[in-house]
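# Coordinates in review
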Amino acid sequence: ETWWVESMKDGPCEGCLLGDAPAMGPTGSLPVDNGLMYVDVWFRSGVGSLHGRRKARLVAVHACTKLFKSLPIPAKSACAEGVEHLLAYFNHLGLPITWMHCDQANDLRAGGVTPLARKHNVRITTSVAGQSRHNKVEPYNRTMARGARILLQAGRCPLDFCEQAEDYWQEGQALRPSREP
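Residues numbered from 1 in each chain as written. Predicted model: local features only at pLDDT ≥ 70, side-chain atom pairs only at ≥ 80, totals over all residues. Heavy atoms only, no water.

### Examining the pairing of strand β4 (residues 99-102)
What counts is decided by this rule: Summary of the burial criterion: residues with accessible area below 20% of their type's maximum are buried, those above 50% are exposed, and those between are partly exposed, where the area comes from a 1.4 Å probe applied to protein chains only. The helix and strand labels rest on DSSP assignments: H or I over at least four residues marks a helix, E over at least two residues marks a strand, and numbering proceeds from the N terminus. Strands qualify as paired when DSSP identifies two bridges or more between them.
Alternating positions in β4 separate into two faces, W99 and H101 on one and M100 and C102 on the other, with burial throughout. The sheet contact formed by strand β1 (residues 36-43) and β4 spans 3 bridges and is parallel. Across the sheet, residue L36 finds its bridge partner in β4, namely W99. Of the pairings in the sheet, the one linking β4 to strand β5 (residues 123-126) comprises 4 bridges and is parallel in character. Bridging from a neighbouring strand, C102 pairs with T126 of β5.

Encoded structure:
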């Protein structure tokens, strides 16, 4: 194992316990390292029965390639399984993940992602609460929701097909040609 995995502690750090940890978040642009994946658990708003059985999606964006991938999950407890699927997906594409960044990670901690991250030697970092920097995934969540609503309206489908519309939109984004040279 790497040195930072051996030095990880399950409890809070000394700065957090003493209350003198700096609360200032990082400044500048978001990192775009090759092994970095931005992750978020996106909960659909509205009536749950309108969206089928699954009310949440585990959403990830690869920092360097901006490749977007999301998975429907039934509950927070399925976060670890979803993250394992995302790690396998990016590894299959030749983009091994060594670092995950999420916003406060409450859902991921509740879902048991920490032991999984240790198993795969993946570092987890979180955003500082109240800072203006956002997770790179947030714009994709809004865009996916907008795209799914447009698809449902164009096909005159009931809202029960929301999950399928989101999957269809995501496949369309994956097939879109790159604008980079």
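From this point on, the discussion continues.
### A closer look at the confidence of the model for the protein
Formally: As a per-residue measure, pLDDT reflects the predictor's confidence and takes values from 0 up to 100. Whether two residues are in contact is decided by their heavy atoms, any of which lying within 4.5 Å being enough.
A residue-level look at the protein finds 70% of positions with pLDDT of 70 or above and a mean pLDDT of 76. The low-confidence segment residues 47-51, where pLDDT is below 50, has 8 contacts with residues more than four positions distant or belonging to other chains.

### Topic: helix α3 (residues 79-92)
As a reminder, the rule being used: The length a helix should cover is 1.5 Å for every residue beyond the first. Here the arc refers to the set of directions running from the helix axis out to each C-beta atom.
Taking 1.5 Å of rise per residue, the 14 residues of α3 would be expected to cover 20 Å, and the 20 Å separating its terminal C-alpha atoms lies within 8% of that figure. Every buried residue of α3 is listed here: C79, A80, G82, V83, L86, L87 and F90. What you see down the axis of α3 is that its buried residues fit within an arc of 160°, all on one side. Residues E81 and H92 are exposed on α3 and point more than 90 degrees away from its buried face. Elements that come into contact with the buried residues of α3 comprise β1, β2 (56-62), β3 (68-73), β4, α4 (106-110) and α5 (113-119). Positive phi shows up at G94, right after α3, with a value of about 80°.

### Things to note about unusual backbone geometry
Residue N121 is not a glycine yet carries a positive backbone phi of 55°. One can find N121 in the loop between α5 and β5. You can call N121 partly exposed: its relative accessible area is 28%.

### A short note on the packing of aromatic side chains
To keep things clear, this is the line we draw: Aromatic pairs are defined between Phe, Tyr and Trp rings, using the six-membered ring for Trp, whenever the two ring centres lie within 6.5 Å; interplanar angles under 30 degrees are classed as stacked, those over 60 as edge-to-face, and all others as tilted. In our convention, an over-ring charge means Lys NZ or Arg CZ found within 6 Å of a ring centre and within 35 degrees of that ring's normal.
Applying the stated rule across the entire model yields 2 aromatic pairs. With 5.4 Å between their ring centres and 70° between their planes, Y89 and F90 make a pair best called edge-to-face. Of the residues examined, Y89 reaches a relative accessible area of 26% and is grouped as partly exposed. With relative accessibility at 0%, the residue F90 sits in the buried group. A cation over an aromatic ring shows up here: K69 above the ring of Y89, its NZ or CZ 4.9 Å from the ring centre. In this arrangement the basic side chain of R123 is found over the ring face of W99, its NZ or CZ atom lying 4.2 Å from the centre.

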